[in-house]
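Given next are the chains, with one letter for each unit.
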Amino acid sequence: MGLPRYASGGAAGFLLHYVLRRGVSHSIVAASVLAAVMCAVGSQYAVKHLVDTLSGHPSSVELWGAVGALLGLVAGDNLLWRLAGWASTYAFVAVGGDIRLDLFRHLSGHGTRYFVEQLPGALAGRITAASTAAWTIENALTWTTVPPGLAVVFSICVLGTINWQLTLGLFVIVALIGGIIAKLAAGGRHLHQAFAGYAASVSGDLTDVVSNISLVRAFGAFRREQARLKGKIAAEMEAQRASLRSLERLRLFHALTVFAVTSGVLAWSVHLWRIGEISTGDVVLTTTLGFTVLHASRDLAMALVDLVQQFAKLSEAVQVLGLPHEMHDQPDAKPLVLTGAAIEFRNVSFSYPSGQPVLKDFNLKVLPGQKIGLVGRSGAGKSTILALLQRLYDPSEGAVLIDGQDIRHVTLESLGQSMAMVQQEISLFHRSLLENLRYGRPDASDEDVLRAAEAARCTEFINRLPEGHDTIVGDRGMKLSGGQRQRLAIARAFVRDAPIVLLDEATSALDTESEQSIQEALARLFKGRTVIAIAHRLSTLDSFDRIVVLDRGRIVEDGSPAQLLRRKGVYSRMYSMQINAAVERAVAG
Ligand code: ADP
């Protein structure tokens, strides 16, 4: 199901898309509300009819006919509202669900750059805010905006049966008031939108601080964070007040004008009765309809301004979440066809959107099943190479190829499925260990998962956990040590069983003993797969086929570990420095 034109369509178009998607149930709601309002206004006409009937000398058929008509309309009025209510329980709830699912789907298609620029908490909050706003708008439209609006129109039409000049005058005045209110409401929209923006930013900031609470504690920064939050909340409060004040101004204008108009209608109809132009029933009708118009348009004004506020919220959320994806499948994208998982960087040049060039005319060929280690100073471009291979960014020139296919022309999904990544920062979901391990391949059998856990030396510590594999690993895996988390990540890559394995400092958090056991496990994981690993601890690369040493985006050395050590170049110097440091540590320890 395609998405509505998020960025350009505006909040109304966005909402309409979802209403139409659930067209039948929404039509039932709309038809019931329309009929209910007709019954309500009609019942006032039936009261006039009854009064006029009583004033004459009615036969019992005429009398009970008038009573029956009134009762029928009152019953219709009540029951039709309930029908609308029932249909709305299906329709409006469905819209809320559809919106959240679609927004999440769209959000997950954004590239890394988007998530670097936005606070994750504020993004999650906006998805909820958008669906809540849609729910509130639908309810407001159905119960408090459209019905009074219809009531005003119908009442004026019924009044037309008594005196057309009166009706025409009212039409003109109501249209004028409506126009002025709409203009004033539109004028306040930027205030409501600004408030929604502040609210989302405060909520994102709160999530950010709460998720980094151990950092705040470690630096004794509670007071600083409180002061910061106070400032942000103060700004949000000011924006909220400005938004509410603009609504109050609108309500005041409306209250004054409607009172004046109703007084005029009443005085005019009493005058018409005095000169004998209309009946007593007509005066009853103009009075009750006059009040209907008064109340209905007051409700309408109140609801309208709330509606404007909700639309502003929806549009703020949709604007941020709905930005077009910076990375998407090409129209002709095909699934990646893997033959041996050969990787090639061909004349690749790349610079980050903000910075200087990282790679220039970069060439690297990795044969199927080859294990290569990327080595070099921090900032040399190692992570960038992995990012380009995962197509988090596209090169500005040249191409990245897997088995001869330019990864720009394959589907992102198939590209993702071709590789397993073990990162330095291990992300774990707040779910059971088993679910976390199975994340790379949801259909993996329990045996496969347990075998992977064993291979990555996880079984021992998992068995020591209170609930074994069913233990919920705390938020972002907080209950586990760094080494344990890394072993889990390696086990997860095992489960994924992808032909390409990428490691980013995968063994950095392991002590020497775990490192030795993990090396064997990694050797098993690597078997038959193409591997690119970034490592600072060079001894972890001893068994690799090839080492590529990078400096400022260029390859300065390339060969097997033994060749590079013999060559006495950069790699061999880095290697001896690390060995010496390790020896010194051992002696000092
Ligand atoms: P390495 O992994 O070798 O430490 P990186 O590939 O992370 O190096 O970085 C290469 C260069 O690109 C560095 O100068 C770094 O500052 C810059 N860089 C890395 N990531 C980004 C980013 N997201 N936006 C802008 N510049 C970046």
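Residues numbered from 1 in each chain as written. Predicted model: local features only at pLDDT ≥ 70, side-chain atom pairs only at ≥ 80, totals over all residues. Heavy atoms only, no water.

1. Examining the overall build of the chain
Here is step 1: Each helix and strand in the chain was counted, giving 19 helices and 10 strands.
Here is step 2: A globule of 589 residues ought to have a C-alpha radius of gyration of about 25 Å, yet the chain, at 35 Å, is considerably larger.
Here is step 3: Judged by the C-alpha coordinates and their principal axes, the chain covers about 120 × 50 × 45 Å.
Here is step 4: Considering the chain as a whole, with its 589 residues, one finds that 45% of them fall into the buried category.
Here is step 5: Total accessible area on the chain stands at roughly 30,200 Å², and carbon and sulfur atoms take up 61% of it.
Here is step 6: If you average the places of the 57 positive and of the 52 negative side-chain charges in the chain, the two averages end up 5 Å apart. (Helix = DSSP H or I, 4+ residues; strand = E, 2+ residues; numbered from the N terminus. Rg over C-alpha atoms; globule rule 2.2 N^0.38 Å. Buried < 20%, exposed > 50% of the residue type's maximum accessible area, 1.4 Å probe, protein only. Areas by Shrake-Rupley, 256 points an atom, 1.4 Å probe, with all protein chains shown as cover. Lys, Arg positive; Asp, Glu negative; His and termini not counted. Charge placed at Lys NZ, Arg CZ, Asp CG, Glu CD.)

2. Some points on the sheet that holds strand 5 (residues 405-406)
Here is step 1: The strand order across the open sheet built from 4 strands is 2-1-4-5, with neighbouring strands paired in antiparallel fashion. Edge positions in the sheet fall to strand 2 (357-366) and strand 5, since each of these pairs with one other strand and no more.
Here is step 2: Summarising the sheet, strand 1 (residues 343-351) and strand 4 (residues 397-402) pair through 5 bridges and their orientation is antiparallel. Considered in strand 4, the bridge of Ser349 is made with Glu397.
Here is step 3: Relative to strand 1, helix 11 (residues 382-389) is tilted by about 115°, and along the sheet it contacts strand 1, strand 2 and strand 4. (Pairing = 2+ DSSP bridges. Contact = heavy atoms within 4.5 Å. Axes fitted to C-alpha atoms, helices over the stretch in contact; angles between N-to-C directions.)

3. Focus: the site of the ligand
Here is step 1: Within the structure, the ligand sits among Tyr352, Ser354, Val358, Arg377, Ser378, Gly379, Ala380, Gly381, Lys382, Ser383, Thr384 and Tyr393.
Here is step 2: Thr384 has a polar side-chain atom sitting 2.4 Å from an oxygen atom of the ligand.
Here is step 3: The element best represented in the shell around the ligand is helix 11, accounting for 3 residues.
Here is step 4: Split by residue class, the shell around the ligand holds 4 nonpolar, 6 polar and 2 charged. (Near = heavy atom within 4 Å. Polar contact = N/O pair within 3.5 Å; in protein donor to acceptor, adjacent residues only side chain to side chain. Nonpolar A, V, L, I, M, F, W, Y, C, P; charged D, E, K, R; others polar.)

4. Section: the sheet that holds strand 6 (residues 419-422)
Here is step 1: Taking strand neighbours across the sheet as the criterion, the 6 strands line up as 6-7-8-3-9-10 in an open arrangement whose pairing is mixed. Both outer strands of the open sheet, strand 6 and strand 10 (554-559), are each paired with one neighbouring strand and no more. Within the sheet, the average angular offset between the axes of one strand and its neighbour, ignoring direction, is 15°.
Here is step 2: Bridge analysis of strand 6 against strand 7 (residues 500-504) gives 4 bridges, and the strand direction is parallel. When the sheet's bridge partners are listed, Met419 is paired in strand 7 with Ile500.

5. Concerning the pattern of salt bridges
Here is step 1: Taken as a whole, this structure holds 21 salt bridges when the rule is applied.
Here is step 2: For Asp102, the salt bridge identified is with Arg105, shortest N-O distance 3.5 Å. Placement of both Asp102 and Arg105 in helix 3 (residues 60-108) is noted, with a separation of 3 residues, approximately one turn of the helix.
Here is step 3: Given the relative accessible area of 1%, Asp102 is considered buried.
Here is step 4: Relative accessible area serves as the criterion here: at 48%, Arg105 is assigned to the partly exposed category.
Here is step 5: Each of Arg21, Arg22, Asp98, Asp102 and Arg105 takes part in a single network of salt bridges with overlapping partners. (Salt bridge = Lys/Arg side-chain N within 4 Å of Asp/Glu carboxyl O.)

6. Let's talk about a nonpolar patch on the surface
Here is step 1: A cluster of nonpolar side chains, Val153, Trp164, Leu168, Phe171 and Val172, forms an exposed patch at the surface whose accessible area comes to about 500 Å².
Here is step 2: By residue number, the principal contributor to the nonpolar patch is helix 6 (residues 164-187), which donates 4 residues.
Here is step 3: By the secondary structure assignment, Val153 is in helix 5 (residues 120-160).
Here is step 4: Residue Val153 is classed as partly exposed on the basis of its relative accessible area of 36%. (Patch = residues over 30% accessible without salt bridge, like charges linked within 9 Å, V, L, I, M, F, W, Y side chains within 5 Å.)

7. Here's the deal with the nonpolar core
Here is step 1: Formed by 44 residues in total, the largest nonpolar core has its most connected members in Cys458, Leu488, Leu503, Leu525, Phe526, Leu541 and Tyr571.
Here is step 2: Per-element accounting of this core gives the leading share, 7 residues, to helix 16 (residues 482-496).
Here is step 3: Not counting the four nearest positions on each side in its chain, Leu488 is found in contact with Leu428, Leu433, Leu437, Cys458, Phe461, Ile462 and Leu480. (Core = buried A, V, L, I, M, F, W, Y, C linked by side-chain atoms within 4.5 Å.)

8. Overview of the side chain of Glu236
Here is step 1: Residue position: Glu236 is located in helix 9 (residues 222-274).
Here is step 2: Lys313 provides the closest opposite charge to the buried, salt-bridge-free Glu236, at an N-O distance of 9.0 Å.
Here is step 3: Apart from the residues within four sequence positions on either side, Glu236 is in contact with Phe195, Tyr198, Ala199 and Val202.

9. Considering unusual backbone geometry
Here is step 1: Unusually for a residue other than glycine, Asp497 sits at a positive phi of about 60°.
Here is step 2: With respect to the helices and strands, Asp497 occurs in the loop between helix 16 and strand 7.
Here is step 3: One non-glycine residue, Arg552, adopts positive backbone phi at about 45°.
Here is step 4: With respect to the element layout, Arg552 can be found in the loop between strand 9 (546-551) and strand 10.

10. Description of helix 5
Here is step 1: In this model helix 5 runs 57 Å from its N-terminal to its C-terminal C-alpha over 41 residues, within 8% of the 60 Å that 1.5 Å per residue would give.
Here is step 2: In helix 5, a bend of some 50° at Leu141 exceeds every other bend along the element. (Expected span 1.5 Å × (residues − 1). Bend = angle between axes of the 7 residues up to and from the residue.)

11. With respect to the environment of Trp135
Here is step 1: Here Trp135 lies in helix 5.
Here is step 2: A relative accessible area of 40% places Trp135 in the partly exposed class.
Here is step 3: Linking Trp135 and Val95, residues 40 residues apart in sequence, is a C-alpha distance of 7.6 Å.

12. Some remarks on the packing of aromatic side chains
Here is step 1: Inspection of every chain in the model, using the stated rule, returns 9 aromatic pairs.
Here is step 2: Where Phe429 meets Tyr439, the ring centres are 4.8 Å apart and the plane angle is 45°; that geometry is what we call tilted. Separated by 10 residues along the polypeptide, Phe429 in the loop between strand 6 and helix 13 (433-437) and Tyr439 in the loop between helix 13 and helix 14 (446-455) bring together distant segments of the chain.
Here is step 3: Within the aromatic cluster, the residues linked to one another by ring pairs are Phe350, Tyr352 and Tyr393.
Here is step 4: The positively charged end of Arg431 is found above the aromatic ring belonging to Phe429, 4.2 Å away from the centroid. (Phe/Tyr/Trp six-rings, centres within 6.5 Å; stacked < 30°, edge-to-face > 60°. Lys NZ or Arg CZ within 6 Å of the ring centre and 35° of its normal.)

13. Some thoughts on the packing of helix 5 against helix 7 (residues 189-211)
Helix-helix packing is described using two parameters, namely the angle between the two axes and the distance between the axes.
Here is step 1: Where helix 5 meets helix 7, the axes come as close as 7 Å, and the angle between the chain directions of the two elements is 130°. As judged from the angle between their axes, helix 5 and helix 7 are oblique. Crossing geometry of helix 5 relative to helix 7 is assigned as right-handed. Taken together, the residues of helix 7 that come into contact with helix 5 (itself represented by Gly121, Ala122 and Arg126) are Ala200, Ser203, Gly204 and Thr207.
Here is step 2: Of the residues in the contact of helix 5 with helix 7, the class split is 2 nonpolar, 4 polar and 1 charged. (Parallel < 35°, antiparallel > 145°, perpendicular 65-115°, else oblique. Left-handed = near helix turned anticlockwise from the far one by under 90°.)

14. Overview of the pairing of strand 8 (residues 530-534)
Here is step 1: Where burial is concerned, most of strand 8 is hidden: 5 out of the 5 residues are buried.
Here is step 2: Taking every second residue as pointing to the same face, both faces of strand 8 are buried, with Thr530, Ile532 and Ile534 on one and Val531 and Ala533 on the other.
Here is step 3: When strand 3 (residues 371-376) meets strand 8, the two strands line up parallel, connected through 4 bridges. Across the sheet, Ile372 pairs through a bridge with Ile532, a residue of strand 8.
Here is step 4: Across 5 bridges, the pairing between strand 7 and strand 8 is parallel.

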